[in-house]
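Structural features, examined
In case you want the letters, here they are:
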Amino acid sequence: MTNALQGPTELENVAIQRQLHIRQLAQVAQKSFLEIGRLLYEVREQADWSTLRMESFKSYIEELELPMQNSYSWCTRLMGIYEVFIQEHEISPEALIEIGVTK
């Protein structure tokens, strides 16, 4: 346990650094999620999937082979976040990251 006069122990410092790193990575991930949502929104709006001679937007997403389960549902949620909050309500990506994309 930390003694007010001694400061944190070495183990506590390591734990604190890991905690900070996890928080930083979570912010980077949220920024990436917003960017993926923006790009997918553009793909859908510009019909890139058709330009690439794919059967549908859904098949375009399946072709991406994203590592998450239910990738189509995940992608439509990210597009929805981008469309509603950034496009329609003009909330900055930074504000959304602060709020938390998953909220």
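As a reminder, the structure under discussion sits directly above these lines.
What you see is a predicted model; the values in this text were computed from it and never measured.

Enumeration according to the criterion identifies four aromatic pairs in this entry. Here F33 and W74 contribute two aromatic rings whose centre-to-centre distance is 5.5 Å and whose plane-to-plane angle is 85°, an arrangement assigned as edge-to-face. Here the residue F33 occupies a position in helix α1 (residues 10–46), and W74 occupies one in helix α4 (residues 71–88), the gap between them amounting to 41 residues. According to the relative accessible area criterion, W74 is buried, its value standing at 16%. Geometrically, the ring pair formed by F57 and Y60 is stacked, given 6.3 Å between the ring centres and 10° between the ring planes. Residue F57 and its partner Y60 are both found in helix α3 (residues 57–64); the two are separated by three residues, about one turn of the helix. Each member of the pair, F57 together with Y60, is buried. A cation over an aromatic ring shows up here: K58 above the ring of Y72, its NZ or CZ 5.4 Å from the ring centre.

Rules used in this analysis
- Residues numbered from 1 in each chain as written.
- Predicted model: local features only at pLDDT ≥ 70, side-chain atom pairs only at ≥ 80, totals over all residues.
- Heavy atoms only, no water.
- Phe/Tyr/Trp six-rings, centres within 6.5 Å; stacked < 30°, edge-to-face > 60°.
- Helix = DSSP H or I, 4+ residues; strand = E, 2+ residues; numbered from the N terminus.
- Buried < 20%, exposed > 50% of the residue type's maximum accessible area, 1.4 Å probe, protein only.
- Lys NZ or Arg CZ within 6 Å of the ring centre and 35° of its normal.

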